[in-house]
Amino acid sequence: MGEDRATAPGVPRITTSSAKAVRPRRMAGARQAQQWLLTLLPTFPVLLLVLRLWQLSQQDMSTMLLLVQYVSPLGLLSALLIALVWAFPVVVLTFGVLGRLLRLSAPDRFDPERSLLASGTARTPGWVISAAVALGALTWQLRFLPSLLMLGLWLLALRTRYLHPDQPTRILLVSVALPLAAAVLAYTVLGPAIWTAYQDGEVATAALLAVPPAATVLLTGPIPGWIAPALTHGLAFTVAAVLPVVMGAVFLRVPLLPTAAVEVVPKQSASPAPDVTASAAPGGPASSASAAPTNGGTAGLDGGDGPPTANGGPEVVLGAFITVTDTSTIMLDRTATVRFLPNGWVESQVLCPEPAAVPYSLVSVRGWPVEETALNWMMPRRPVADPDVRCEGRLPGDT
């Protein structure tokens, strides 16, 4: 069994041991890439969270360390999940289309042991694709739903051609008839919105609504085999490079702390002490927190203007609410200055809702704004109420 097989003269003999040695070298490419991907993938959310706290602290290390101490990790992960839930369908559907296109167009170059794209395609079950389509239908904005329809029909057509190559009727139905019917239905529903977007000069919105239904019929079959490996791998690398940048740009705008307005009424201390700021107090934020209640005032971590002293009048501190200690209410105001408000000075406080984002587009489809997701559209709306004047930085009773 361990001996070499007889070969013809002049033909090099391949032993069993040499064949076993060739296979690990061949498998090393995809396995090493998977190991690096699994190692680096968990660090990306951590990097996003750190960058978000660094931006929130206005690049001040003392403020960032204070935020790390008090900000809930569960709150950070919740904000990350809600803000970037749309990215999962993008990754699964985009790489799924590219991998199946490679497998159908150049089967001799589809090697799961050497290509990470081929390996992910071969190991992704069908229910993951279905879940990605359903999640995208709920979390993508209306203007991106035609692209979701296009990707879903591409995946269905490519999968049908691969699994049922001997059924031309079925292939014709899934690859031609279904995309054409979907395009007709899409243009029937989206036609007025496309025309409105074009008239209003919203070229990007019009293109997102008009191009994908027509492009659905273009990629339901194989492409020339000589260009398939370079095209699919090139697009995969491009998406892998651009998507993290887009995700980071989106997450850096997500609020991590609740916005609150605290009404502060300074009270004369029985034994006032000299004003102490964080820049003069040793020990950083901890010393500032302990010094704030002592002098009956508060301190800013940057050593700038603090909140009102006992000689000042009442004011409203508007900003991000950090935490409440035994002695102080800690706020991060709009200038990224940490304010230690003595609890005895806090007259009232109110949670301020996040202001609604100004819509970029005014186009809607049968009353559904193109920037709304189906999930937001189905959820009950918050009742409209008069805004609290404290959330505008004004004291109650001020005009």
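Note that the structure is predicted; figures quoted are calculated from it, not measured. All residue numbers refer to positions counted from 1 along the written sequence of the respective chain. Local features are withheld for residues below a pLDDT of 70 in this predicted model, meaning they are given only at 70 or higher, and side-chain atom pairs are given and counted only at 80 or more; totals for whole chains, interfaces and linings count all residues. Side-chain measures were taken over the full set of non-hydrogen atoms in the model, leaving aside hydrogen atoms and water.

Trainee: Please clarify how helix α11 (residues 228-251) should be interpreted in this entry.
Mentor: Given 3.6 residues per turn, any residue in an α-helix points the same way as the ones three and four places further on. The helix count covers DSSP runs of H or I at least four residues long, the strand count covers runs of E at least two residues long, and both are numbered beginning at the N terminus. Here the expected span of a helix is defined as 1.5 Å times the quantity of residues minus one. Helix length check: α11, at 24 residues, gives a terminal C-alpha distance of 34 Å against a target of 34 Å (1.5 Å per residue), a fit within 8%. Residues of α11 that are buried: Ala228, Pro229, Thr232, Ala236, Leu243, Met247, Gly248 and Phe251. In this fold, the buried residues of α11 make contact with α2 (43-56), α4 (73-84), α5 (87-105) and α6 (116-123). Type-normalised accessible area, obtained with a 1.4 Å probe on protein chains alone, sets the label of each residue: buried when under 20%, exposed when over 50%, and partly exposed for intermediate values. Whether two residues are in contact is decided by their heavy atoms, any of which lying within 4.5 Å being enough.

Trainee: How should I be thinking about the packing of aromatic side chains in this particular structure?
Mentor: By convention, a stacked pair of Phe, Tyr or Trp rings (six-membered ring in the case of Trp) has centres within 6.5 Å and planes under 30 degrees apart, an edge-to-face pair has planes over 60 apart, and any other such pair is tilted. Within this structure, the stated rule accounts for one aromatic pair. Over the face of the ring belonging to Tyr162 we find Arg103, whose NZ or CZ atom lies 3.8 Å from the ring centre. By definition, being over a ring means that NZ of Lys or CZ of Arg is both within 6 Å of the ring centre and within 35 degrees of the ring normal.

Trainee: What's the story with the pattern of salt bridges in this structure? I'm lost.
Mentor: Side chains that carry opposite charge are capable of pairing whenever their charged atoms lie near each other. Definition used for salt bridges: Asp or Glu carboxyl oxygen within 4 Å of a side-chain nitrogen of Lys or Arg. Tallied over the entire structure, the rule returns three salt bridges. The shortest N-O distance in the salt bridge between Glu315 and Arg339 comes to 2.9 Å. Taken as a pair, Glu315 in strand β2 (residues 315-324) and Arg339 in strand β4 (residues 338-342) lie far apart in primary sequence, 24 residues in all. By relative accessible area, which is 23% here, Glu315 ends up partly exposed. By relative accessible area, Arg339 is classed as buried at 9%. Of the charged contacts in the structure, one is a salt bridge between Asp333 and Arg339, with a shortest N-O distance of 3.2 Å. Like Asp333, the residue Arg339 is buried in the burial classification. When salt bridges that share partners are traced, they join Glu315, Asp333 and Arg339 into one network.

Trainee: What exactly am I supposed to notice about the sheet that holds β2 here?
Mentor: The strands that make up a sheet pair up through hydrogen bonds in the backbone, lying either parallel or antiparallel. Pairs of strands are assigned from DSSP output, requiring at least two bridges between the strands. The five strands are arranged β4-β3-β2-β1-β5 in an open sheet whose pairing can be described as antiparallel. If you trace the sheet from one side to the other, it starts and ends with β4 and β5 (346-351), each paired once. If you compare each strand with its neighbour and ignore which way they point, the axes differ by 45° on average. Pairing geometry for strand β1 (residues 259-264) and β2, over six bridges, is antiparallel. Note on geometry: axes are C-alpha line fits, over the in-contact stretch for helices, and angles between N-to-C directions span 0 to 180 degrees.

Trainee: Looking at this structure, how should I read a nonpolar patch on the surface?
Mentor: Side chains of Leu172, Val176, Leu180, Val217 and Leu218 sit close together on the surface and give an oily, nonpolar patch of about 450 Å² of accessible area. When its relative accessible area of 37% is taken as the criterion, Val176 is described as partly exposed. Here the term patch refers to residues with relative accessible area over 30% and no salt bridge, with like charges joined within 9 Å and nonpolar side chains (Val, Leu, Ile, Met, Phe, Trp, Tyr) within 5 Å. Surface accessibility follows the Shrake-Rupley procedure with a 1.4 Å probe radius. Residue values consider only the protein chains on display as shielding.

Trainee: What exactly am I supposed to notice about the packing of α5 against α11 here?
Mentor: A pair of packed helices is captured by two measures, namely the crossing angle of their axes and the spacing between those axes. Put simply, α5 and α11 touch, their axes get as near as 9 Å, and they point 170° apart. Classified by the angle between their axes, α5 and α11 sit roughly antiparallel to one another. Touching Ala87, Val90, Val91, Thr94, Phe95, Leu98, Leu101, Leu102 and Ser105 of α5 are Ala228, Pro229, Thr232, His233, Leu235, Ala236, Val239, Ala240, Leu243 and Met247, all from α11. Grouping the amino acids of the contact of α5 with α11 by side-chain chemistry returns 15 nonpolar, four polar and no charged. Orientation is classified from the angle alone, with under 35 degrees giving roughly parallel, over 145 giving roughly antiparallel, 65 to 115 giving roughly perpendicular, and any other angle giving oblique. The nonpolar class holds Ala, Val, Leu, Ile, Met, Phe, Trp, Tyr, Cys and Pro. Asp, Glu, Lys and Arg form the charged class, and all remaining residues, Gly among them, are polar.

Trainee: What's the story with the packing of α2 against α11 in this structure? I'm lost.
Mentor: In the contact formed by α2 and α11, the axes pass within 10 Å of each other and the chain directions differ by 40°. Considering the relative orientation of α2 and α11, their crossing is right-handed. Residues Phe44, Leu48, Leu49 and Arg52 of α2 lie in contact with α11, whose contacting residues are Pro244, Met247, Gly248 and Phe251. In terms of residue class, the contact of α2 with α11 is built from six nonpolar, one polar and one charged. For any helix crossing, the convention is left-handed if the near helix is rotated counterclockwise from the far helix by under a right angle, and right-handed if that rotation is clockwise.

Trainee: Help me understand the nonpolar core, please; the structure alone is not making it clear to me.
Mentor: General note: in soluble globular proteins, nonpolar side chains tend to be found buried as a group. Membership of the largest hydrophobic core comes to 67 residues, with the highest contact counts inside it found for Leu67, Leu84, Leu93, Val97, Phe251 and Leu257. Here this core takes nine residues from α5, the largest share from any one element. When neighbours within four sequence positions are excluded, Leu93 is seen to be in contact with Ile129, Ala132, Val133, Leu148, Leu151 and Leu155. Side-chain atoms within 4.5 Å link the members of a nonpolar core, which is a set of buried Ala, Val, Leu, Ile, Met, Phe, Trp, Tyr and Cys residues. Of all hydrophobic cores here, the second largest spans eight residues; its members include Val262, Val317, Met331 and Val346.

Trainee: What is the right way to look at the pairing of β1 in this model?
Mentor: The side chains of a regular strand alternate, residue by residue, between the two faces of the sheet. Most of β1 is tucked away, with six of its six residues classed as buried. Across the two faces of β1 the burial is the same, with Thr259, Ala261 and Glu263 and Ala260, Val262 and Val264 all buried. Across five bridges, β1 lies against β5 in antiparallel orientation. Counted as the bridge partner of Glu263 is Ser348 from β5.

Trainee: Is there a simple way to think about the pairing of strand β3 (residues 328-333) in this case?
Mentor: Buried residues dominate β3, accounting for six of its six residues. Alternating positions in β3 separate into two faces, Ser328, Ile330 and Leu332 on one and Thr329, Met331 and Asp333 on the other, with burial throughout. Note: β2 against β3, five bridges, orientation antiparallel. Note that in β3 the partner of Ala320 across the bridge is Leu332. Following β2, the chain reverses through three residues before pairing antiparallel with β3. Sheet analysis places β3 next to β4, joined by five bridges and oriented antiparallel. Across the sheet, residue Met331 finds its bridge partner in β4, namely Arg339. Here β3 folds back onto β4 in antiparallel fashion, the turn holding four residues, of which Ala336 has a positive phi close to 65°.

Structural measurements only, silent on function.
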